[in-house]
Amino acid sequence: MRTYLVTGGAGFIGSNYIHYMLRKYGDQIRIINVDALTYAGNLENLKDIENLPNYTFVRANICDKEAIGRIFAENDIDRVVHFAAESHVDRSIKNPEVFVQTNVLGTAVMLNCARAAWEREDGTYPEGKKFLHVSTDEVYGSLPDDDTAFFYETTPYDPHSPYSASKASSDLLVKAYMDTYHFPANITNCSNNYGPYQFPEKPIR
Ligand SMILES: NC(=O)c1ccc[n+]([C@@H]2O[C@H](COP(=O)([O-])OP(=O)(O)OC[C@H]3O[C@@H](n4cnc5c(N)ncnc54)[C@H](O)[C@@H]3O)[C@@H](O)[C@H]2O)c1
């Protein structure tokens, strides 16, 4: 049975992802959700699945390397799906430090713990291990309002807020692990999402 470690699974996209995966794969997979339950995390989002035998919630901060290391030591994690972040641009302008802490240092802790658990002595990794880093298109800056331009994976990074700068930094760390340690990772840079379980501070405008 494949085991997924989902970070930030009590937030908006993470809780949708957990519901989606359990709907799609049922008891063929196991999900461990690690979340610090900041203002943005809400376990009510997961009330309907909280007692499933193949779902576990761990309250921990991704910056806490002992807590995260323990999860890797006690479980054979196949996939990390890393959603946990400080995610609100306006909050990042008021209090940038916590964005650097969680988005940059927290990602470094997740990468280090996954690498320590997965990397063999010869520098290779077992088949099937994968770290998915969930990032944002905001690392590329802004587009004109007239739908004439697009972002591509090759678009140079041009972050403008502390939020997007911290996410860009975390992307570069993941890329560095992929290059330096051949670490098995992917990065997604999606644009804004809307839907159920969304925190009310991010309304559709
Ligand atoms: N919402 C969007 O439209 C959007 C768009 C592009 C990318 N993203 C990215 O997707 C991811 C999820 O976004 P979201 O909108 O669901 O965010 P969210 O703010 O709704 O949820 C974040 C979750 O992470 C948890 N968390 C925060 N700091 C933590 C820490 N230090 N340790 C452990 N858990 C912590 C929170 O408790 C919360 O449950 C983020 O990485 C974000 O950058 C979001």
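Residues numbered from 1 in each chain as written. Predicted model: local features only at pLDDT ≥ 70, side-chain atom pairs only at ≥ 80, totals over all residues.

Peer 1: An account of the overall build of the protein chain is requested, with residue identities and associated values reported.
Peer 2: Check the secondary structure of the protein chain and you find five helices and six strands. Its helices and strands in sequence order give the protein chain the pattern β-α-β-β-α-β-α-α-β-α-β, from N to C terminus. On C-alpha atoms alone, the protein chain measures out to a radius of gyration of 17 Å, which is about the 17 Å that the 2.2 N^0.38 rule sets for 205 residues. Along the three orthogonal principal directions, the C-alpha set of the protein chain runs to about 50 × 45 × 30 Å. (Helix = DSSP H or I, 4+ residues; strand = E, 2+ residues; numbered from the N terminus. Rg over C-alpha atoms; globule rule 2.2 N^0.38 Å.)

Peer 1: How would you sum up helix α1 (residues 12-25)? Please name residues and give values.
Peer 2: An α-helical turn contains 3.6 residues, so a residue and the one three or four places further along point in the same direction. Between its terminal C-alpha atoms α1 stretches 20 Å, which fits the 20 Å expected from 14 residues at 1.5 Å a residue. For α1, the full list of buried residues reads F12, G14, S15, Y17 and I18. Elements that come into contact with the buried residues of α1 comprise β1 (2-7), β2 (29-35) and β4 (79-82). Trailing α1 by a residue or two, G26 shows a phi angle of about 50°, which is positive. (Expected span 1.5 Å × (residues − 1). Buried ≥ 20, exposed ≤ 12 C-beta atoms within 10 Å, placed from the backbone. Contact = placed C-beta atoms within 7 Å.)

Peer 1: Kindly report on the nonpolar core, identifying the contributing residues and their values.
Peer 2: Ranked by size, the top nonpolar core spans 30 residues in total, and within it L5, V6, V80, M110 and A114 carry the most contacts. Of all the elements in the fold, those that place two or more residues in this core are β1, α1, β2, β4, α4 (96-118), β5 (130-136) and α5 (162-181). Here the element with the most residues in this core is α4; it accounts for five residues. Contact partners of A114, with chain neighbours within four places excluded, come to F72, V80 and F131. (Core = buried A, V, L, I, M, F, W, Y, C linked by C-beta atoms within 7 Å.)

Peer 1: Mind laying out the sheet that holds β1, listing which residues take part and the relevant values?
Peer 2: With parallel pairing, six strands are arranged side by side in an open sheet as β3-β2-β1-β4-β5-β6. Lying at the two open borders of the sheet, with one neighbouring strand each, are β3 (55-59) and β6 (185-190). Adjacent strand axes in the sheet meet at a mean angle of 15° when their direction is disregarded. Note: β1 against β4, four bridges, orientation parallel. Of the residues in β4, the one forming a bridge with V6 is V81. Across the sheet, α5 lies against β5 and β6, angled at about 155° from β5, the strand it touches most. (Pairing = 2+ DSSP bridges. Axes fitted to C-alpha atoms, helices over the stretch in contact; angles between N-to-C directions.)

Peer 1: Tell me about the environment of Y125, and name the residues and values.
Peer 2: With respect to the helices and strands, the residue Y125 is situated in the loop between α4 and β5. For Y125 and R115, which are 10 residues apart along the polypeptide, the C-alpha to C-alpha distance reads 8.8 Å. Residues contacting Y125, with those up to four places away along its chain left out, are W118, E119, R120 and P184.

Peer 1: So, the packing of α4 against α5: which residues are in play, and what are the values?
Peer 2: Between α4 and α5, whose axes approach to 8 Å, the crossing angle comes to 15°. Classified by the angle their axes make, α4 and α5 are roughly parallel. The handedness of the crossing between α4 and α5 is right-handed. Seen from α4, the contacting residues are P96, F99, V100, N103, V104, T107, A108, L111 and R115; seen from α5, they are P162, Y163, S166, K167, S169, S170, L173, V174, Y177 and Y181. Looking at side-chain class alone, the contact of α4 with α5 contains 12 nonpolar, five polar and two charged residues. (Parallel < 35°, antiparallel > 145°, perpendicular 65-115°, else oblique. Left-handed = near helix turned anticlockwise from the far one by under 90°. Nonpolar A, V, L, I, M, F, W, Y, C, P; charged D, E, K, R; others polar.)

Peer 1: Which residues make up the packing of helix α2 (residues 65-74) against α4, and what values go with them?
Peer 2: Running from N to C, α2 and α4 cross one another at 35°; their axes reach a closest spacing of 9 Å. In this structure, the crossing between α2 and α4 has a hand that is right-handed. Across the interface between the two elements, K65, I68, G69 and F72 from α2 touch V109, M110, N112, C113, A114 and A117 from α4. When the residues that make up the contact of α2 with α4 are grouped by side-chain class, the tally is seven nonpolar, two polar and one charged.

Peer 1: Outline the pairing of β5, supporting the account with residue identities and numerical values.
Peer 2: Within β5, five of the seven residues are buried, which leaves the element mostly enclosed by the surrounding structure. With four bridges connecting them, β4 and β5 associate as parallel partners. Residue V80 lies in a different strand from β5, and its bridge partner there is F131. Note that β5 and β6 share six bridges and pair parallel. What sits directly across from L132, in β6, is N186. With α5 bridging β5 and its parallel neighbour β6, the resulting β-α-β unit is right-handed. (Right-handed = clockwise from strand over helix to strand, strands pointing away.)

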